[in-house]
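Analysis of the macromolecular model
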Amino acid sequence: MIEQRNISRLHSWQVDASGAILIQLKLRKKIQLKRKEGKIEKIAAIDVAYEKEKAVAGVLVFSYPQLNLIEKVSTVSSVDFPYIPGLLTFREGPCIIDALCRVKEKADLLLFDGQGIAHPRRMGIATHLGIYLNISSIGCAKSKLTGDYNNLADEAGSFAPLYDGNELVGFAVRTKKDTRPVFVSPGNLIDFDQALKIVLTCCRGHRIPEPLRLAHIFANSEKQRVRENGKNQKDCFSLFRWT
DNA sequence: GCGACAG
DNA sequence: ATCTTGTCGC
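Only a predicted model underlies this, so the values are computations on that prediction, with no experimental measurement involved.

Okay, the packing of helix α2 (residues 89-101) against helix α3 (residues 125-133) next. At a minimum axis separation of 11 Å, α2 and α3 run at an interaxial angle of 45 degrees. Considering the angle they form, α2 stands oblique to α3. Relative to α3, the crossing made by α2 is right-handed. On the side of α2, the interface is formed by T89, F90, E92, G93, I96, I97 and L100, while α3 contributes I125, H128, L129, Y132 and L133. Of the residues in the contact of α2 with α3, the class split is 8 nonpolar, 3 polar and 1 charged.

Attention now goes to helix α5 (residues 210-229). Taking 1.5 Å of rise per residue, 20 residues should cover 28 Å, and α5 covers 29 Å from first to last C-alpha, within 8% of that figure. Of all the positions in α5, only E210, P211, L212, A215, F218, A219, E222, K223 and V226 are classed as buried. Lining the buried residues of α5 we find β1 (42-51), β2 (54-63), β3 (69-78), β4 (109-112) and β5 (136-141). G230 lies just past α5 and shows a positive phi near 55 degrees.

In this structure, M1, I96, I97, L100, L110, F112 and L133 are the most contacted members of the largest nonpolar core, which totals 38 residues. When contributions to this core are tallied by element, the ones reaching two or more residues are α1 (17-27), β1, β2, α2, β4 and α3. Looking at which element gives the most residues to this core, the answer is α2, with 7 residues. Formed by 33 residues, the second largest nonpolar core is a distinct cluster that contains L111, F192, C202 and F218.

Surveying the vicinity of DNA strand B reveals 16 residues, the closest of which are Y83, G86, I125, K142 and S143. Within 4 Å of the protein, the contacting atoms of DNA strand B are drawn from sugar and phosphate to the extent of 50%. Between a base nitrogen of DNA strand B and a main-chain N or O atom of L88, the distance comes to 3.2 Å. In the model, a base nitrogen of DNA strand B is placed 3.0 Å from a nitrogen or oxygen of the I125 main chain. Class assignment of the residues belonging to the surface near DNA strand B gives a composition of 7 nonpolar, 6 polar and 3 charged.

Scoring rules and cut-offs
Residues numbered from 1 in each chain as written. Chains lettered and ligands numbered in written order. Predicted model: local features only at pLDDT ≥ 70, side-chain atom pairs only at ≥ 80, totals over all residues. Heavy atoms only, no water. Axes fitted to C-alpha atoms, helices over the stretch in contact; angles between N-to-C directions. Helix = DSSP H or I, 4+ residues; strand = E, 2+ residues; numbered from the N terminus. Parallel < 35°, antiparallel > 145°, perpendicular 65-115°, else oblique. Left-handed = near helix turned anticlockwise from the far one by under 90°. Contact = heavy atoms within 4.5 Å. Nonpolar A, V, L, I, M, F, W, Y, C, P; charged D, E, K, R; others polar. Expected span 1.5 Å × (residues − 1). Buried < 20%, exposed > 50% of the residue type's maximum accessible area, 1.4 Å probe, protein only. Core = buried A, V, L, I, M, F, W, Y, C linked by side-chain atoms within 4.5 Å. Near = heavy atom within 4 Å. Polar contact = N/O pair within 3.5 Å; in protein donor to acceptor, adjacent residues only side chain to side chain.

Spelled out as structure tokens, the structure:
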């Protein structure tokens, strides 16, 4: 679903924390939150599991809205960038792109376990990779990074706007009755209503939307294999990295 | 200085 | 994210 020549290469991934922030500030100008036109028939959910310094990225492609599994891909990559709140993309981005390069099906949008624009600089992983790969994306995080909300009902399907100051950045969404909410925000090339509606229609009785829930299970089961291979486990050949 | 802090 | 046992509830 990602072709070599279509990878933007808007920037290098070999940067330190301060360099990463500069990149985020520059990419911010490229965010597009207009409504996505046309039917959405296939979505890809992404999750990453870790075994020491190895990242195992799992991508599952589903039909939408039926959510029948169409394809699954996983990759193993060494990670160097540390986890720093606000800079998650620089830790998980490279391995995720490598996994997406191996996906044959062309999904209409990417669903991420993390924020979209509900980020201090509006550059959550869904937004960043949506811009980098020029594809529609949605962020669905299990916890909040930035923003405030109130009056969220206890019923499944309820939601409350998430504001960073006076700016709407997403929604706190009750995907399951009496369960803590998830945080949904548009990534890129999609609008708030579509992001919210798509996530809600992907719920199947669990707190985590089914595509992401299954991607999480898949990434972890693949990680188990990496565990057993131990030091013999090699990285997948990178299909896009440079510099 | 204090509190917050995606995975 | 990961380290970890049992346990309460649908």
